[in-house]
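# Secondary and tertiary structure notes
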Amino acid sequence: MTAATLTLPAERTKTSPLLLAIILVGQFLAILNVNIVNVATPTIRDDLHSSGAGLQMIVAGYTIVYAVLLITGARVGDLFGYKRAFLTGLALFTLTTLGSGLAFSTGWLVVFRFAQGAGAALMMPQVLTLIQRNYQGAARAKAMGLWSAVISGGIVVGQALGGILLGLGLGWRIVFLVMVPIGALLLAAGLRVLPADVGGGRAGLDPAGLISLSVAVLLFIVPLVLGRDLGWPVWGWVSVGLSLVVFVAFVWIERWVKGRGGRPLVDASVLRAPGMRPGLAVLLFGPATWGAFLFTSALHLQGELRLTPLQSGLMLVPCALAFAGVGLGWPKLPAVLRRRLLPVGYVVAAPAYFGLGLVGGGGLPYAILSALIGAGLGVQVAVTTLATERVDEAYAADASGALLTVMQLGQVIGVATVGTLFMSQGEGATSIALAGLAVLAGLASLFLARPKLG
């Protein structure tokens, strides 16, 4: 790659703010797609006659695929070009979003949701790379600020927009179909605006690692999702046991790939860096509560409390706004204060989760407690930074990829486990489980909050 190739994008972006708009709107759609569906789950259940397991797979299927393909998606961009990877992912995402909106059964909706996750996994990693390659100095700082705002904004808008769209009486399909013309417009603009690059990276895709990790995740998640409806069959427990075996095989495969001079999907040496292991624990338990809360709250508010989709979505707006406010304000705090206040977030979230079981009737108390949950979990924006601060620069991307993958899997596990508990035991038991997971995240965060890690 020539010097001219490297400097051309930076020159173009001085007069092309449209580049930033295209990639950030693409990222926004991918994040919106996680949360906008939560509010629609009761309506989907009634229209498609979905089981509880079907609803869990509709919500979690997107995140499962996104999680396991995230690192691979980043490497595809490195190998074949970031523009090509972003636009291919966007095209797949847009087409499968259309398919989701037209799906005539739960099974087909789950299939399209899985494919949507693949498109997001190919598109999303390129956004940060394109910002880093095409913006410098103050322009890059501004772009990174907008990047963070879009992540938080997608969470806020997803909950509210889902309720607003359903409140129009157009049915659940509109939450998908509204994104299709936007995706098509981005594709047309991206073909003209995004700077060309040739790829040629040497990272490698590690297909053996990808396959073994995917199999391990599916063997673990699927029986948890289907178990309640099927009466917890023996094959489900066997599947969970096999998932542990396959995960051990994945670890062995990664060591073998590294031993042969390749680049494994997850490098064990990255995980041994100070801060990584507690960071992984925090991003497993904390997001597990978040994903489960958003999933179960929609079912509780629209099912047991009989709120309309619009009322349900608006009830969660204080939570999402608090999450976004803390997430955006956190980086502005002094570094020492950010570190020390990290566990405080979970100290706030855990009793708020527990309190939900005591105010199951909704109303203002429910909104206040949900806002406290959002504010408490907003501290998670600091976890990746603290966990990777002592990782060798050469492995920084791999470390961030591992943390983000675990964060997504945490949400999936939360939906699968706590979602199943909600459907069998109700809001009271669910609130206790969410509080317990928040306590585990808080305990792990204590190790990140120490000024010096071992």
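So, here's what we can say about the structure. Residue numbers here run from 1 along each chain, matching the order of that chain's written sequence. In keeping with the predicted nature of the model, local features appear solely for residues at pLDDT of at least 70, side-chain atom pairs appear and are counted solely at 80 or more, and the whole-chain, interface and lining totals rest on all residues. Hydrogen atoms and water are omitted, and side-chain values are computed over all heavy atoms in the structure.

### A few points about the overall build of the protein
The test is simple: Only runs of H or I of at least four residues qualify as helices and only runs of E of at least two qualify as strands under DSSP, and these elements are numbered from the N terminus. Whether a residue is buried, partly exposed or exposed follows from its accessible area with a 1.4 Å probe, protein chains only, as a fraction of its type maximum: under 20%, in between, or over 50%, in that order. Contacts were defined at the residue level, with two residues in contact if any of their heavy atoms lie within 4.5 Å. Here the open area of atoms and residues is found with the Shrake-Rupley method and a 1.4 Å probe, where only the protein chains shown may cover a residue. When charges are counted, neither His nor the chain ends are considered; positive counts come from Lys and Arg and negative counts from Asp and Glu. By convention, charge coordinates are those of NZ in Lys, CZ in Arg, CG in Asp, or CD in Glu.
Looking only at helices and strands, the protein has 19 helices and zero strands in total. Summarising its shape, the C-alpha atoms of the protein cover approximately 60 × 50 × 45 Å along the three principal directions. Relative to its 454 residues, the protein shows a buried fraction of 54%. Once local pairs closer than 6 in sequence are excluded, the contacts in the protein between residues at least 24 apart make up 83%. In the form shown here, the protein has an accessible surface area of approximately 18700 Å², with 71% of it arising from carbon and sulfur atoms. Charged side chains in the protein number 28 positive and 15 negative. The centres of these two groups are separated by 6 Å.

### Description of empty space enclosed by the protein
Keep this limit in mind: Cavities and pockets were defined on a 1 Å grid built over protein atoms only: a cavity is a set of grid points that admits a 1.4 Å probe from which the probe cannot escape, a pocket is an open set flanked by protein on both sides within 12 Å along at least five of seven lines, and lining residues are those with an atom within 4 Å of any such point. Grid points are joined across faces, edges and corners, and a volume is the space filled by probe spheres set on the points. In this classification, Asp, Glu, Lys and Arg are treated as charged, Ala, Val, Leu, Ile, Met, Phe, Trp, Tyr, Cys and Pro as nonpolar, and every other residue, Gly included, as polar.
Within this structure, the stated rule accounts for four cavities of 30 Å³ or more. Considered as a void within the structure, the largest cavity measures approximately 90 Å³ in volume. As for the largest cavity, its lining consists of Val 34, Asn 35, Asn 38, Val 59, Ala 60, Thr 63, Gly 291, Leu 294, Gln 411, Val 412 and Val 415. Split into classes, the residues belonging to the lining of the largest cavity amount to six nonpolar, five polar and no charged. What the second largest cavity holds in volume is close to 50 Å³. Of all the secondary-structure elements, those providing two or more residues to the lining of the second largest cavity are α9 (207-230) and α10 (234-259). Grouping the constituent residues of the lining of the second largest cavity by class yields six nonpolar, two polar and no charged.

### Focus: the side chain of Asn 33
Just so we agree on the cut-off: For the purposes of these results, a polar contact is taken to be a pair of N or O atoms within 3.5 Å, where, inside protein, one atom must be able to donate a hydrogen and its partner to accept one; residues adjacent in sequence count only when each atom of the pair is a side-chain atom.
Residue position: Asn 33 is located in helix α2 (residues 17-48). Here the side chain of Asn 33 touches Gln 116 through a polar contact of 3.2 Å, side chain to side chain. Here Asn 33 is in contact with Tyr 62, Phe 93, Arg 113, Gln 116, Phe 176 and Met 179, once residues within four sequence places are set aside.

### Overview of the layout of surface pockets
Of the voids in this model, the second largest pocket is the one considered here, and its volume is about 820 Å³. For the lining of the second largest pocket, the secondary-structure elements that each account for two or more residues are α9, α10, α11 (268-271), α12 (276-304) and α18 (396-425). In terms of residues, the lining of the second largest pocket owes the most to one element, α10, which gives eight residues. Partitioning the lining of the second largest pocket into residue classes produces 21 nonpolar, three polar and five charged.

### With respect to unusual backbone geometry
Here the phi dihedral of His 49 falls at roughly 55 degrees; this positive angle occurs in a residue that is not glycine. Counting through the fold element by element, His 49 comes out in the loop between α2 and α3 (52-80). Phi at Arg 306 is positive, roughly 60 degrees, even though this residue is not glycine. Relative to the assigned elements, Arg 306 resides in the loop between α12 and α13 (309-315). The exposure class assigned to Arg 306 is exposed, which follows from its relative accessible area of 72%.

### Looking at the nonpolar core
As a reminder of what qualifies: In plain words, nonpolar cores are sets of buried Ala, Val, Leu, Ile, Met, Phe, Trp, Tyr and Cys residues tied together by side-chain atoms within 4.5 Å.
In terms of nonpolar packing, the biggest core is built from 73 residues, with Ile 23, Ile 44, Phe 86, Leu 109, Trp 172 and Val 175 touching the most fellow members. In terms of residue count, the dominant contributor to this core is α2 (16 residues). Ignoring any residue separated from it by four or fewer positions in sequence, one finds Val 175 in contact with Ile 36, Ala 40, Gly 162, Leu 165 and Leu 166. Residues Ala 288, Trp 290, Val 391 and Leu 437 belong to the second largest nonpolar core, which totals 46 residues.

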